[in-house]
Amino acid sequence: MSGDEDVPTPSPARRPNRTRWAAVTAVALALLFAGGAVTVASAEREETPRTPSTASADAGFARDMSVHHQQAVEMSFIVRDRTEDEEVRRLAYDIANTQANQRGMMLGWLDLWDLPKVESGVEPMTWMGMGGSGDTGPLDGALMPGMATNAQLDALRKASGREAEVLYLKLMTEHHRGGVHMAEGCVRKCSVEVERGLAQGMVDAQESEILLMADMLRKRGATA
């Protein structure tokens, strides 16, 4: 008998068993790892406060900027009815659409946090340490930085053509400057990451629109 005949040949039936066992072991280890990862992630989320308080910068910014945005939407709809200039009408549409959507997001957060949309007895901008910072006081409608007064809104409603365009661009430039100031405050003070991201987006977009409106005013022989 030759030497080759003395070497035992592995049974073919055993190889699939070892393969199946390795696969089962790998799946079990994967499930165990995934379960541990979920447990760790859950523990991390639970360390974060569930909702901001009603006196927080997050809630104050959401309330105040919702009001601030609403006036921008109102002014934009007014000027679209007072001019045929497509450049101004397009800008007004973009501002109205963007700020209405952002306002909806902020009001939705207040609902999610189960917080009031209006905080009675608390002046606007208190969350920034600037309560009562309106240009002419709340009796004329200018509740926060950059907001137009009731008299200015009435003037915009009565204007038409180039006069309405220039007045709108001037009012919206100041409105944006006030909005940027408020949004920068949220970037510094807000604790909810997605809200800080929205606020930074407001800063970037509105600063860009301020430059655009300065150019549009120059085309019309006016300055902000």
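If you're wondering where the values come from, they're calculated on a predicted model, not measured in any experiment. (Residues numbered from 1 in each chain as written. Predicted model: local features only at pLDDT ≥ 70, side-chain atom pairs only at ≥ 80, totals over all residues. Heavy atoms only, no water.)

Looking at the packing of aromatic side chains
How we decide: Ring geometry is summarised as follows: Phe, Tyr and Trp rings, the Trp one being its six-membered ring, pair when their centres sit within 6.5 Å, and such pairs are stacked at plane angles under 30 degrees, edge-to-face over 60 and tilted between the two. Here a helix means four or more residues in a row that DSSP labels H or I, a strand means two or more in a row labelled E, and each is numbered from the N terminus. The rule is simple: take the accessible area with a 1.4 Å probe, protein chains only, and divide by the maximum for that residue type; under 20% is buried, over 50% is exposed, in between is partly exposed.
Across all of its chains, the model carries 2 aromatic pairs by this definition. Taken together, a centroid distance of 5.7 Å and an interplanar angle of 80° make the contact between Phe-61 and Trp-127 edge-to-face. Taken together, the residues span a long stretch of sequence, with Phe-61 in helix α2 (residues 57-80) and Trp-127 in the loop between α3 (86-112) and α4 (150-158) at a distance of 66 residues. On the basis of an interplanar angle of 20° and a centroid distance of 6.3 Å, the ring pair of Trp-109 and Trp-113 is categorised as stacked. Taken individually, Trp-109 and Trp-113 each receive the classification buried, so the pair is uniform in this respect.

Some thoughts on the environment of Ser-76
Just so we agree on the cut-off: Note on contacts: a residue pair is in contact if any heavy atoms of the two residues lie within 4.5 Å. Polar contact is the term for a pair of N or O atoms within 3.5 Å; when the atoms are in protein, one must be able to donate a hydrogen and the other to accept it, and sequence-neighboring residues count only if both atoms are side-chain atoms.
You can see Ser-76 is positioned in helix α2. Placed 12 residues apart in sequence, Ser-76 and Val-88 show a C-alpha to C-alpha distance of 9.3 Å. When near neighbours in sequence (up to four residues on either side) are disregarded, Ser-76 contacts Ala-92, Ile-95, Ala-96, Tyr-168 and Met-172. A polar contact of 2.9 Å, which involves the side chain of Ser-76, links it to the side chain of Tyr-168.

Looking at the side chain of Ser-56
Relative to the assigned elements, Ser-56 resides in the loop between α1 (14-47) and α2. There is a polar contact of 2.7 Å between the side chain of Ser-56 and the backbone oxygen of Ser-53.

As for the environment of Ala-72
Mapped onto the secondary structure, Ala-72 falls in helix α2. Judged by its relative accessible area of 0%, Ala-72 is buried. Every residue in contact with Ala-72, bar those within four places of it in the chain, is listed here: Ile-95, Gln-99, Met-172 and His-175.

A closer look at the state of the cysteines
Note the threshold: Two cysteine sulfur atoms form a disulfide, by the criterion used here, when they sit within 2.5 Å.
All chains considered together, the criterion is met by 1 disulfide. The disulfide bridge from Cys-186 ends at Cys-190, spanning 2.2 Å between sulfur atoms. Linking Cys-186 and Cys-190, the disulfide has an S-S dihedral of approximately -120° and is accordingly described as left-handed. When its relative accessible area of 0% is taken as the criterion, Cys-186 is described as buried.

Concerning unusual backbone geometry
Even without glycine at this site, Asp-114 takes up a positive phi of about 60°. Tracing the backbone through its elements, the reader meets Asp-114 in the loop between α3 and α4. Given the relative accessible area of 70%, Asp-114 is considered exposed. Although it is not a glycine, Met-125 adopts a positive phi angle of roughly 75°.

Considerations on the nonpolar core
For the record, the criterion: Among the buried residues, those of types Ala, Val, Leu, Ile, Met, Phe, Trp, Tyr and Cys that are joined through side-chain atoms within 4.5 Å form a nonpolar core.
Phe-61, Met-65, Met-106, Leu-110, Trp-127, Ala-183 and Met-202 are the most contacted members of the largest nonpolar core, which totals 25 residues. Mapped by element, the contributors of at least two residues to this core are α2, α3, α5 (161-189) and α6 (193-219). Looking at this core element by element, the count peaks at 5 residues for α2. Setting aside its immediate chain neighbours within four residues, Ala-183 contacts Phe-61, Met-65, Ala-199, Met-202 and Val-203. Formed by 20 residues, the second largest nonpolar core is a distinct cluster that contains Ile-95, Val-166, Met-172 and Ala-222.

Quick notes on the environment of Leu-217
Topologically, Leu-217 is positioned in helix α6. Spatially, the C-alpha atoms of Leu-217 and Leu-169 are 6.9 Å apart, while their sequence positions differ by 48 residues. Excluding anything up to four places from it in sequence, Leu-217 contacts Val-166, Leu-169, Lys-170, Thr-173, Ala-222, Thr-223 and Ala-224.

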